[in-house]
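Report on the structure
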Amino acid sequence: MPSIKQTLSNAVNQLNTHLTDSDTAKLDVQLMLEHLLDVNHAWLISHAGDALTEKDDEVFQALLQRRLNGEPIAYILGEREFFGLPLKVTSDTLIPRPDTEKLVEVALDKIPDQADFLDLGTGTGAIALAIADNCPDVTVTAVDFSEKALSVAIDNAAALDIQNVTFLQSDWFDALDHQRFDVIVSNPPYIESTDAHLSQGDLRFEPMSALASGEDGLDDIRKILDNVLVFLKPQGWLLFEHGYNQSQAVQDLMADAGLVAVETIKDLGGNDRVTMGKNSLVVSTHWD
Ligand code: GLN
């Protein structure tokens, strides 16, 4: 049987030959081996001369084949870290992105100590769990249209022992009755349905319903804005993640929906990424 070291260099060569759009071949292979052998990085390096068992080699070749087919490493490992939290991910959920950590940072800045927080389209639960973990006195509600995504989010909350989140199956606001929130966030689908990237790279493997949103990518943002004032407390904030070239359109839609103090924040890469707006009401109107 080949050693860990031989397996690693063989696999890296194959990935570099066949998967030319990836510049993380070595890291990917190390992560797959660590995952398979259930060891950390230091162990893998210090045992580089050890031979793999036949069974481990067989399972490794199957993992490598998935990566050679272009499947994202997060799906192969079944895990991705977000805002310091290890999250289970499956092909039913979007893979949490570092860009989305900016949305969490801005939301943390806006949220009062004791507050009601809503995450629309929670997927793995990434945003909701990051907020709930950082704000134990905040009551978090997280909704998703997909039952399968919700069950991943519920597993993540349980594994992390985060208790201040309620998960709900809902098409945006549909299942929420007579509730108002201090902060509402969403990382909705926002890619143009004709964007060629949808059939390339990682995106091919991710749920289309979490990525694409009509001709200009803004259908779901418009849908959410249709109802948002009903669900925002006076002075409450709405925050959207959106595409790098959508800030002006999202700002205009937010202003049209009656939100004020509309502003866009850039992500770590310097791209416009998060746009927010506030409910201008100072006193709540009552539900009838
Ligand atoms: N940020 C993702 C991408 O462009 C899209 C995520 C989304 O549509 N919410 O790859």
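As shown above, the structure is provided for reference.
Residues numbered from 1 in each chain as written. Predicted model: local features only at pLDDT ≥ 70, side-chain atom pairs only at ≥ 80, totals over all residues. Heavy atoms only, no water.

A few points about the sheet that holds strand 9 (residues 272-279)
Adjacent strands of a sheet pair through backbone hydrogen bonds, lying either parallel or antiparallel. As a reminder of what qualifies: DSSP calls a pair of strands paired once it identifies at least 2 bridges connecting them. Numbered from the N terminus, helices here are DSSP runs of H or I no shorter than four residues, and strands are runs of E no shorter than two. To define axes, lines are fitted to C-alpha atoms, for helices over the stretch in contact only, and angles between the resulting N-to-C directions are given on a 0 to 180 degree scale. Here a residue-residue contact requires only that any non-hydrogen atoms of the pair lie within 4.5 Å.
Ordered in space as 5-4-3-6-7-9-8, the seven strands form an open sheet in which the pairing is mixed. Whereas interior strands pair on both sides, the edge strands pair on one side only; in this sheet they are strand 5 (165-169) and strand 8 (259-266). Looking at each pair of strands side by side, their axes are set apart by 15 degrees on average, direction ignored. Of the pairings in the sheet, the one linking strand 4 (residues 139-144) to strand 5 comprises five bridges and is parallel in character. Bridge pairing links D144 to Q169 in strand 5. Set on the sheet, helix 6 (residues 99-110) makes contact with strand 3 (116-120), strand 6 (181-186), strand 7 (232-241), strand 8 and strand 9; between it and strand 7 the angle comes to about 165 degrees.

Structural notes on the nonpolar core
Quick reminder of the rule: As used here, the term nonpolar core means buried Ala, Val, Leu, Ile, Met, Phe, Trp, Tyr and Cys residues forming a set that is joined through side-chain atoms within 4.5 Å. Each residue's exposure class comes from its accessible area (1.4 Å probe, protein chains only) as a fraction of the maximum for that residue type: buried when under 20%, exposed when over 50%, partly exposed otherwise.
Judged by nonpolar contacts, the single largest core of 33 residues is most densely connected at F117, I131, V165 and L239. At seven residues, helix 7 (residues 126-134) tops the list of elements feeding residues into this core. For V165, the contacting residues outside a window of four places in its chain are A128, L129, A132, V140 and A142.

Points about the site of the ligand
Operational definition: When at least one non-hydrogen atom of a residue lies within 4 Å of a molecule or strand, that residue is treated as near it. Whenever two N or O atoms come within 3.5 Å, that pair is a polar contact, provided that in protein one can donate a hydrogen and the other can accept it, and provided that, for residues adjacent in sequence, both atoms are side-chain atoms. The Shrake-Rupley method, run with a 1.4 Å probe, gives the accessible areas here. Residue values count only the displayed protein chains as cover. Note that Gly is not counted as nonpolar here; it falls among the polar residues with everything else outside the nonpolar set of Ala, Val, Leu, Ile, Met, Phe, Trp, Tyr, Cys and Pro and the charged set of Asp, Glu, Lys and Arg.
The full set of residues close to the ligand is L94, R97, N187, P188, P189, Y190, I191, L203, A210, L211 and E241. Separating an oxygen atom of the ligand from a side-chain N or O atom of R97 is a distance of 3.0 Å. Within the side chain of Y190, a nitrogen or oxygen atom sits 2.8 Å from a nitrogen atom of the ligand. Taken by itself the ligand offers 300 Å² of open surface, and the protein chains cover 84% of this. Its residues placed into classes, the shell around the ligand shows eight nonpolar, one polar and two charged.

What about the layout of surface pockets?
Our working rule: Residues are said to line a cavity or pocket when one of their atoms sits within 4 Å of a point; the points come from a 1 Å grid over protein atoms alone, cavities being sets where a 1.4 Å probe fits but cannot get out and pockets being open sets with protein on both sides within 12 Å along at least five of seven lines. Grid points are joined across faces, edges and corners, and a volume is the space filled by probe spheres set on the points.
There is about 1000 Å³ of room inside the largest pocket. Along its surface, the largest pocket is lined by 41 residues, and R97, I191, D202, L203 and E206 are the ones closest to its centre. Mapped by element, the contributors of at least two residues to the lining of the largest pocket are helix 5 (73-77) and helix 6. Its residues assigned to classes, the lining of the largest pocket comprises 16 nonpolar, 11 polar and 14 charged. The space that makes up the second largest pocket amounts to roughly 530 Å³. Residue lining of the second largest pocket: 30 residues in total, with G121, D144, P189, S209 and A210 positioned closest to the centre. Of all the elements in the fold, those that place two or more residues in the lining of the second largest pocket are helix 7 and helix 9 (219-231).

Things to note about the pattern of salt bridges
What counts is decided by this rule: Salt bridges are counted wherever a side-chain nitrogen of Lys or Arg sits within 4 Å of a carboxyl oxygen of Asp or Glu.
Within the structure shown, the criterion is met by 12 salt bridges. Linking D116 and K233 is a salt bridge whose minimum nitrogen-to-oxygen distance equals 2.9 Å. Taken together, the residues span a long stretch of sequence, with D116 in strand 3 and K233 in strand 7 at a distance of 117 residues. Notably, a salt bridge pairs D182 with K233, separated by 2.8 Å at the nearest N-O pair. Linking D182 in strand 6 with K233 in strand 7, this pair joins segments that are 51 residues apart in sequence. Counted as one network, the salt bridges with shared partners bring together D99, D267 and R273.

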